[in-house]
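# Fold and contact review
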Amino acid sequence: MLHVENLVCRYGKIEAVSGISLDVGEGQIVALVGANGAGKSSTIQSIAGHVLGAEGRITLAGEDITALPPRERVRKGVAIAPEGRRLFRDLTVHENLSMGGFCRPREREAANLKRVLDLFPRLAERIHSRAENLSGGEQQMVTIGRAMMSEPRLLLIDELSLGLMPKNVDLCYEAILRLKREGLSILVVEQNTTKALQVADHAYVLSSGRLIWKGTAAEARDDPSVIQAYIGSSAH
Ligand SMILES: Nc1ncnc2c1ncn2[C@@H]1O[C@H](COP(=O)(O)OP(=O)(O)O)[C@@H](O)[C@H]1O
Ligand SMILES: [Mg+2]
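Below is a summary of the structure that appears in this document. From a predicted model like this one, the values you see are computed outputs, not experimental measurements.

Every residue lining ligand 1 is accounted for by Tyr11, Ala16, Ala35, Asn36, Gly37, Ala38, Gly39, Lys40, Ser41 and Ser42. Note that an oxygen atom of ligand 1 is positioned 3.3 Å from one of the side-chain N or O atoms of Asn36. For ligand 1, an oxygen atom lies 3.1 Å from a polar atom in the backbone of Ala38. When the free accessible area of ligand 1 is taken as 560 Å², the share hidden by the protein chains comes to 60%. Tallying contributions element by element places helix H1 (residues 40-48) first for the shell around ligand 1, with 3 residues.

Right, here's the structure in full:
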């Protein structure tokens, strides 16, 4: 579904991502893990088209989307749940979710909303609450739900579990497993590797802008010291 080739991101003189390549197969969950500052957000934001001057080649289901602006990528089926959530704090859950469907016909909104509320029943109870009054877990559900309103083929999630209570981490991971079963392809970025590796098919480890390990999540789970060592060393 997604193929990234030789991605490079620079911010002035800082090279945040130094030529990485990765794939997400159709219906797969792929985990991209690494320490704070490794370049995970730069990678995922580049796939969404939000990093100016990113170099490399990105294809979605075989189609080159490298030159497309963010909104065209959304139309093609790329949706992102960004780090920090970026909700409109003074708008309601319903309004935030509606915003995610901006590129799809209005008549499909009700069905898409129903699907999101089915995925996160908690949001149905909070539908008229303002985003700023939600718990962190509920805000993360809105963020994922907003992405789902655009009917994606590829869902990008940055720091799915960061700052969430364990119960909400589980709810969010159950939701993405369900989306995977429905055929969605998912790239999940995490500093917290344990949970991501439990659900992923494949994993990549990023350190200082370079991929230093890739393999199946099962391999990584069988030898967690491998990944822990990389993350430990890259944290310094
Ligand atoms: N907008 C920006 N301007 C300048 N430097 C940035 C910017 N965004 C990220 N960086 C730098 O790029 C590197 C990678 O950051 P980031 O992609 O956010 O990593 P991660 O998501 O893995 O924590 C870091 O050194 C960070 O300071
Ligand atoms: Mg980040």
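To continue, consider the nonpolar core. Counting 45 residues, the largest nonpolar core has Leu97 and Leu155 as the members making the most contacts within it. Examining the composition of this core, we find that 6 residues originate from one element, helix H7 (residues 166-181), more than from any other. Beyond its immediate stretch of four places on either side in the chain, Leu155 contacts Ala79, Ile144, Ala147, Met148, Leu179, Leu184, Ser185, Ile186 and Leu187. Listed in part, the 28 residues of the second largest apolar core include Ala48, Ile58, Leu60 and Val189.

The subject of this paragraph is the sheet that holds strand E8 (residues 185-190). Backbone hydrogen bonds hold the strands of a sheet together, and the pairing may be parallel or antiparallel. Here we have 6 strands laid out as an open sheet, ordered E6-E7-E8-E3-E9-E10, and mixed in their pairing. Two strands lie at the open edges of the sheet, namely strand E6 (78-81) and strand E10 (210-216), each paired on one side alone. Between one strand axis and the next, the sheet turns through 15° on average, direction left out of account. Looking at chain direction, strand E3 (residues 29-33) and strand E9 (residues 202-207) are connected through 4 bridges and run parallel. Residue pairing in the sheet places Val30 in a bridge with His202 of E9. In this fold helix H6 (residues 136-148) packs onto E6 and strand E7 (154-158), with an angle of close to 170° to the strand it touches most, E6. Against the sheet, H7 engages E3, E7 and E8, with an angle of about 155° to E8.

Rules of the game
- Residues numbered from 1 in each chain as written.
- Chains lettered and ligands numbered in written order.
- Predicted model: local features only at pLDDT ≥ 70, side-chain atom pairs only at ≥ 80, totals over all residues.
- Heavy atoms only, no water.
- Near = heavy atom within 4 Å.
- Polar contact = N/O pair within 3.5 Å; in protein donor to acceptor, adjacent residues only side chain to side chain.
- Areas by Shrake-Rupley, 256 points an atom, 1.4 Å probe, with all protein chains shown as cover.
- Helix = DSSP H or I, 4+ residues; strand = E, 2+ residues; numbered from the N terminus.
- Core = buried A, V, L, I, M, F, W, Y, C linked by side-chain atoms within 4.5 Å.
- Buried < 20%, exposed > 50% of the residue type's maximum accessible area, 1.4 Å probe, protein only.
- Contact = heavy atoms within 4.5 Å.
- Pairing = 2+ DSSP bridges.
- Axes fitted to C-alpha atoms, helices over the stretch in contact; angles between N-to-C directions.

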